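This is what each chain is made of:
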Amino acid sequence: MKQPLGLILAGGQATRMGGGDKGRLSLGGKTILQHVIDRLEPQVAGMAINANGDPTRFDDLDMPVLPDSLAEFPGPLAGVLAGLDWAAEQGAEAIVTAAADTPFFPCDLVPQLLLASEGRLHPLALAASGEPEGKVWRQPTFGLWPVALRDDLRAALENGLRKVVIWTDKHDAGQAAFVQSGIDPFFNVNTPEDLEEARRIAGEIK
């Protein structure tokens, strides 16, 4: 399988942060979004960002800006679909998604997702964060998504599907579990308090 393309999901409305682009907030000398780019870019063959509204606000990133193809902010699956349509135009087989507000996700995200998808009908897998004793939490905005299933996903969304794991379970998605060591690698910034915690974490892992 060719190296997948990367898609940063930034299509949410950030209501708990007062609106705007959470990824533009400062963290450790650069934006949260730049942290995400720096971690994802070395792992993929090319990148785009899923965001709604005026795309010119991302001109500095020098990457395609893909809006949801469905109205009313139907959730991350709409962003995934936009990424799959873009990837199909590039002749790619799959994309890997990462959330724009999660600055500490694993630097081996893509290879682990690829491993988790091996032997399945389609290269589909979600990341999960876990504790050493075995409890895990799926991370539905971090996944490997096959272009071959984009029409199936489009039909599901048009029929009202919104929950990621319902669709991924239907297609027997693999799971790549990342055990926590100190911090949750999928810690995301949803509130001003989360931003302060992220700044503390960034200071510790320099």
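Note: the structure precedes this text.
Each chain has its residues counted from 1, running along the sequence as written. Local features in this predicted model are restricted to residues of pLDDT 70 or higher, and side-chain atom pairs are both shown and tallied only at a pLDDT of 80 or more, whereas totals for entire chains, interfaces and linings draw on every residue. To get the side-chain values, all heavy atoms of the structure are used, and hydrogens and water are removed first.

**Focus on unusual backbone geometry**
And then number 1: Non-glycine residue Asp 62 carries a positive phi angle of around 55°.
And then number 2: One non-glycine residue, Asp 172, lies in the positive phi region at around 55°.
And then number 3: For helices the rule is a DSSP run of H or I covering at least 4 residues; for strands it is a run of E covering at least 2, with both sets numbered from the N terminus onward. For Asp 172, the location among the structural elements is in the loop between helix H5 (164–170) and strand S9 (174–179).
And then number 4: Here's how the labels work: a residue is buried when its accessible area is under 20% of the maximum for its type, exposed when over 50%, partly exposed in between, all with a 1.4 Å probe on protein chains only. The class of Asp 172 is partly exposed, set by a relative accessible area of 49%.

**Here we look at the packing of aromatic side chains**
And then number 1: Working definition: rings of Phe, Tyr and Trp (its six-membered ring) pair if their centres are within 6.5 Å, and the pair is stacked with planes under 30 degrees apart, edge-to-face with planes over 60 apart, and tilted otherwise. Going through the model one piece at a time under the given rule, you end up with 4 aromatic pairs.
And then number 2: Ring centres of Phe 105 and Phe 142 lie 5.4 Å apart, and the angle between their planes is 50°; this geometry places the pair in the tilted category. Of this pair, Phe 105 sits in the loop between strand S6 (94–99) and helix H3 (109–117) while Phe 142 sits in strand S8 (residues 136–146); the two residues are 37 residues apart in sequence, bridging distant segments of the chain.
And then number 3: Under the relative-accessibility criterion, Phe 105 is labelled buried at 0%.
And then number 4: Here the aromatic rings of Trp 145 and Trp 167 are separated by 6.2 Å at their centres, their planes lie at 25°, and the arrangement is stacked. Taken as a pair, Trp 145 in strand S8 and Trp 167 in helix H5 lie far apart in primary sequence, 22 residues in all.
And then number 5: According to the relative accessible area criterion, Trp 145 is buried, its value standing at 0%.
And then number 6: Using a relative accessible area of 2% as the deciding quantity, one classes Trp 167 as buried.

**A closer look at the pattern of salt bridges**
And then number 1: One speaks of a salt bridge when a side-chain nitrogen belonging to Lys or Arg is within 4 Å of a carboxyl oxygen belonging to Asp or Glu. Evaluated as defined, the whole model comprises 12 salt bridges.
And then number 2: Linking Asp 172 and Arg 120 is a salt bridge whose minimum nitrogen-to-oxygen distance equals 3.1 Å. Of this pair, Asp 172 sits in the loop between H5 and S9 while Arg 120 sits in the loop between H3 and strand S7 (125–130), and the two are 52 residues apart along the sequence.
And then number 3: By relative accessible area, which is 30% here, Arg 120 ends up partly exposed.
And then number 4: Note that Glu 196 and Arg 199 form a salt bridge whose closest N and O atoms lie 3.1 Å from each other. Residue Glu 196 and its partner Arg 199 are located together in helix H6 (residues 192–204), separated by 3 residues, close to a single helical turn.
And then number 5: Accessibility expressed as a relative area gives 36% for Arg 199, which makes it partly exposed.

**Concerning the pairing of strand S1 (residues 5–9)**
And then number 1: Among the 5 residues in S1, 5 count as buried, and that is most of the element.
And then number 2: Across the two faces of S1 the burial is the same, with Leu 5, Leu 7 and Leu 9 and Gly 6 and Ile 8 all buried.
And then number 3: For two strands to count as paired, DSSP must find a minimum of two bridges between them. Relative to strand S4 (residues 47–50), S1 runs parallel, the two sharing 4 bridges. Bridging from a neighbouring strand, Gly 6 pairs with Met 47 of S4.

**Here's the deal with the environment of Leu 40**
And then number 1: Checked against the element boundaries, Leu 40 lands in helix H1 (residues 32–40).
And then number 2: The sequence separation of Leu 40 and Pro 106 amounts to 66 residues, and the corresponding C-alpha distance is 8.9 Å.
And then number 3: Setting aside residues up to four positions removed in sequence, Leu 40 forms contacts with Gly 6, Leu 7, Ile 8, Met 47, Val 96, Ala 98, Phe 105 and Val 110. Contact definition: two residues touch when any of their heavy atoms are within 4.5 Å.

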